[in-house]
Amino acid sequence: MNDAIGKDLTPAIGALPAALRSSVELWAERFRDRNPTGLDSLDAATLRPLLRLVACSEFAGHTIIREWPWFSEVLAKPGAEPDLRFELSAADPETDDIKTGLRRFRNQRLLHILWRETTGRAATAVTLESLSKLADNLIAASVQCAEARLNERCGRVRDSSGKEQRLVVLAMGKLGGCELNVSSDIDLIFLYSGDGESDGERRLSAQEYFTRLSRQVVAMLEEVTPDGFAYRVDTRLRPFGDSGPPVLSFSALESYLLRHGRSWERYAYVKARVIATSPAREAEPVTAELMKDIIEPFVYRRYLDYGVFESLREMKALIAAEARKRQLAPNIKLGPGGIREIEFIAQSLQLVRGGSDRNLRTTGLQPALRHLAQTRGLSAAAAAELATAYLFLRRVENALQAMRDQQVHELPKDPADRARLALAVDYPDWDALHASVERYRRCVSKHFSAVAFRGGDEKPVSGFVDALSASWSARASEEEWRALLEQSGFVDAPAIASIIVGFARSAAVGQVDRTGAKRLAQFVPELLGVLREHENAPVVLQRVLAVLEKILRRSAYVALLIENPAVRDRLVGLCEKSAWLAEEIGRYPLLLDELLDRRLHEEVLTREEMQQDLDRRFDRLAETDSERLIESLGQFQRAMLFRIAVADIAGNLPVMKVSDRLTELAEIVLQKALAIAWRDMTDKHGRPPARSGRGDAGFGVVAYGKFGGMELSYRSDLDLVFLHDSTGDAQETDGEKPLDNNMFFARLVRRLVHFLSAQTATGAMYQVDTRLRPSGQSGLLVTSIEAFERYQEENAWTWEHQALLRSRFVAGSALIAREFERVRNETLRKRVRRDRLRQDVIAMRHKMRERLDKTDNARFDLKQGTGGIADIEFIVQYLVLEHAERHPAVIHYPDNIRQLGTLAAANCLPAEQVTRIQGIYKSYRLRLHRLALDEQPPFVEPGEFRDERRFVEVLWQQILGEPGA
């Protein structure tokens, strides 16, 4: 090298791998031919990474020589980020000038992006985002230029009403995900919003106009000129591929997706992102229409879509065959454990759950992995390993493509290129890099197998299950089924055979489509294989098939059971123990999603976890429509109710904790429903002012009965009373459509009750009973706190004081909460008619027995029978009301168990009797829960609980002074 013409580069070049030194020396000579003193001013901290970049990328070296005046300014500002905005000249340059500008701009910014990564100023994720932004801007500029030229001759396209129609450019693949390669094709689909005709001198139909426009855009980007190309454009992802029209209307795209859309296209459209519209102004409504109304309904199903994994395995098999045919093992994109497998993992899980979780409707792979780790899609460890592998493989891929600005994915065989690649990704040599590549690919393959094949490429099938499959496919008769089952060791073969044949001949099975029939033929034999060891196989089979019959119309749920044997086994276990849970799953198949969580049987649900679950569900909803929000609230309520019941059956929750969770769930649901109802009312009518003129008038909800006493069961009504503190003649809301405050609160209550009790796709959440309000059904639906207190003082009956004892504030303003608690305390202590308390309690209990007790010689009514739950409740209520004035602490709690505890603490009832009666009450409640879960009425055999009933009868006689019967 001639050192006389500039700085001696020998030390810097000598630090490079030996295989690359000669090419860098040759570059330096060519550089000095064009820029004799260009390198002299560079210090070692700049020169070394510059030569390193040149050693790794022939493209970068070539571009540095051509663009040195521009790049020297970049080097002078080492911290500057690349300016990716491309501005068209206002002078309307010739098309060739624009093409030149686009290409030079692309090469310059690509060099800047590579320089930032080489110097450690940009991580791989930032590089991918910058490359995508650069492409977005150049595509938008191409659209703008092509449109300006076409409009000169043909004008703009307008529909029959004069509304302008727009070209929309849809990015797919890595560009759609904002994760573009250094030298990647860009996958584009060209669309236009609607039909019409251009309004210029030369009139064109919308189809012809936008076809010309899209072709000009493609030519602007991919035509090779002396300056190279901007991007290679691939439009084969459009409907019907190469044989389809180059541009389609929204309606044509929608029709295609509905009629012809294939499984692989759902994966492709996960990445769909609008990057340019023409004209750009007022583009948001057009984009929203395209994504929300056309693409998202095609890609995402509203239910769990486990059928995705079948198509994933099919695509994987095709790709594997192609990889073998083309010998793609060294290909880090398409080969085993490559980038495509990571994308498939994320996209398949997005398709499964994206219908119910809007946060998964992201085009970016890395955001999808992060959110999947926060849900049940992937473990945090798996998501982290996949994200790390993805960024590593993408860095390697970018380094490969940066060598010569070529779209390559194969690991190189040439020693110099191997040295370039190792240097670019900071590895000491090729062997170390190759070992890391293989390690990451093995990790990806492991996770892909776990997702696509549920842990193994092939499921072993026993000869027994194979025989069952043959019988199902052959539509075997009941006699043939019975013979096979008896031979296979089923104890109840005749009953099971009858159930199978009845199911096979049912209308639901007869109407199932081909996909559903295929899934059914796989699932039923597997189910029978599981049931062979069950003692109560006919009952369990009947219940599971009843669930199956109801979900066949959405056979993706059957796919869920096939893909997840653990879910199938959990379903069998629940159906064995609870007819109610089986019925719930059949009515609301979304509950199968809950069975995916192995913690269902292992961890105890808390109020905090329920609240967090609800918050997450609403965070991922982009809905403002109240009915849709209430539907989501109903899905949450069903899911939590289900989880509580499972914990109950598993023995993880004692009976009182079951009631606590059910009560807390009702509170959470009520509070959310009230918030939605309040928002609806105030949006329409404004806010009801307080009497002071500051803030809103208070409103509150009071729970009575089982809800008030924190003793809800699975099918308990909610007994509610509604209060407000708005009084006066001039109380009116402050909105455009004002309402009298009393009318506002009445409508608010009706809306709230409707939300809680209306039948939706998820059923009614609760039945609401408002008959315990002052004056019952003849009274106002919502009462002022003053009127409520006046009623308690002047008109309330003893039974209403009994009811008030089991009441508490559950939702609304703190002011109403304080006022209600004051009224409750004063009423129970000072306003009870104790001179007639005993006879009132006895009379009310007799009336209830006569009307409600279903006890006879064959059964005992646990709720209303003599010595049952109601007798215990009346004993407790009598004692608390009798002693409340002298011992105020006894009214502090609204539930029977803790009221009994306060009675013992106040010496109103002997401690040993309290312990005994608490134990009996819990035993009764536990039995009621079990009966409810098995869809049974609240009756037991006459001999059951004989001693307990006798104890309660004796206690009744001791305390109330008359026989219990």
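Note that the structure is a prediction, hence the values are computed from the model and not measured.

Draft legend 1. Fine view of the confidence of the model for the chain. Averaged over every residue, the pLDDT of the chain is 88; the share at 70 or more is 93%. For residues 1-5, every residue scores under 50 in pLDDT, and the model assigns this stretch nine contacts once sequence neighbours within four places are set aside. Here residues 455-461 is modelled with pLDDT under 50, and outside its nearest four sequence neighbours on either side it reaches eight contacts, counting other chains as well.

Draft legend 2. Just the pattern of salt bridges, in detail. Applying the stated criterion across every chain, the model contains 63 salt bridges. Note that R568 is salt-bridged to D569, the shortest N-O span being 3.1 Å. For D569, a relative accessible area of 37% translates into the label partly exposed. Between R845 and D871 there is a salt bridge; the shortest N-O distance is 2.5 Å. Of this pair, R845 sits in helix α36 (residues 837-852) while D871 sits in helix α37 (residues 869-883), and the two are 26 residues apart along the sequence. Its relative accessible area of 0% is what places R845 among the buried residues. The buried category is assigned to D871, whose relative accessible area is 1%. Through salt bridges with shared partners, a single network forms among E789, E793, E819, R822, E826 and R831.

Draft legend 3. Expanded view of the packing of α36 against helix α40 (residues 946-960). The contact between α36 and α40 brings their axes to 11 Å, and the two run at 145°. Facing α36, whose interface residues are R838, V841, I842, R845 and R849, α40 presents W956, I959 and L960. Counted by class, the contact of α36 with α40 contains five nonpolar, no polar and three charged residues.

Draft legend 4. Focus on the nonpolar core. Ranked by internal contacts, the top residues of the largest apolar core, which has 176 residues, are L170, Y269 and W481. Residues in contact with W481, not counting those within four places in the same chain, are L468, S471, W472, A476, A497, I500, V501 and L528. Of all hydrophobic cores here, the second largest spans 77 residues; its members include L9, F105, A171 and I275.

Draft legend 5. Looking closely at the packing of aromatic side chains. Scanning the entire structure with this criterion turns up 21 aromatic pairs. Pairing Y267 with F344 gives two aromatic rings, centres 5.8 Å apart and planes at 70°, and the pair type is edge-to-face. Residue Y267 is found in helix α11 (residues 263-270), and its partner F344 is found in helix α14 (residues 339-353); the two are separated by 77 residues along the sequence. Side by side, Y267 and F344 carry an identical accessibility label, which is buried. Measuring from centroid to centroid gives 6.1 Å for W472 and F503, while their planes differ by 35°, and the two rings are tilted. Placement of the pair is W472 in helix α19 (residues 463-473) and F503 in helix α21 (residues 493-504), with a sequence separation of 31 residues. A relative accessible area of 12% places W472 in the buried class.

Draft legend 6. View of the environment of K830. With respect to the helices and strands, K830 occurs in helix α35 (residues 814-830). Residue class for K830 comes out exposed when judged on its relative accessible area of 58%. Separated by 55 residues in sequence, K830 and E885 have C-alpha atoms that sit 6.5 Å apart.

Draft legend 7. Representation of α35 in the model. For α35, built from 17 residues, the straight-helix expectation of 24 Å at 1.5 Å per residue is met to within 8% by its first-to-last C-alpha distance of 24 Å. Taken as a whole, α35 has its buried residues at I816, F820, V823, R824, T827 and L828. Projected down its long axis, α35 shows its buried positions confined to an angular sector of 115°, all on one face. Along α35, the residues that are exposed and aim more than 90 degrees away from the buried face are R818 and K830. Against β8 (699-704), β9 (718-724), α33 (785-794), α34 (798-805), β12 (808-812) and α37 lie the buried residues of α35.

Draft legend 8. Region of interest: the pairing of β8. Burial analysis of β8 places six of its six residues in the buried class, which makes it a mostly covered element. Judged by which residues are buried, β8 turns out to be covered on both faces: F699, V701 and A703 on one side and G700, V702 and Y704 on the other are all buried. Inspection of the sheet shows β8 paired to β9 by six bridges, in the antiparallel sense. By the bridge assignment for β9, V702 is matched with V721. Here four bridges tie β8 to β12, and the two strands are oriented antiparallel to one another. Opposite A703, over in β12, you have R808 as the bridge partner.

Draft legend 9. Representation of unusual backbone geometry within the structure. For F240, which is not a glycine, the phi torsion comes out positive at approximately 65°. In this structure, F240 sits in the loop between β5 (233-234) and β6 (247-249). Positioned with a positive phi, N907 is a non-glycine residue whose angle comes to about 60°. Of note, N907 is situated in the loop between α38 (896-905) and α39 (911-933).

Reading the values: the criteria
- Residues numbered from 1 in each chain as written.
- Predicted model: local features only at pLDDT ≥ 70, side-chain atom pairs only at ≥ 80, totals over all residues.
- Heavy atoms only, no water.
- pLDDT = per-residue confidence, 0-100.
- Contact = heavy atoms within 4.5 Å.
- Salt bridge = Lys/Arg side-chain N within 4 Å of Asp/Glu carboxyl O.
- Buried < 20%, exposed > 50% of the residue type's maximum accessible area, 1.4 Å probe, protein only.
- Helix = DSSP H or I, 4+ residues; strand = E, 2+ residues; numbered from the N terminus.
- Axes fitted to C-alpha atoms, helices over the stretch in contact; angles between N-to-C directions.
- Nonpolar A, V, L, I, M, F, W, Y, C, P; charged D, E, K, R; others polar.
- Core = buried A, V, L, I, M, F, W, Y, C linked by side-chain atoms within 4.5 Å.
- Phe/Tyr/Trp six-rings, centres within 6.5 Å; stacked < 30°, edge-to-face > 60°.
- Expected span 1.5 Å × (residues − 1).
- Arc of directions from axis to C-beta.
- Pairing = 2+ DSSP bridges.

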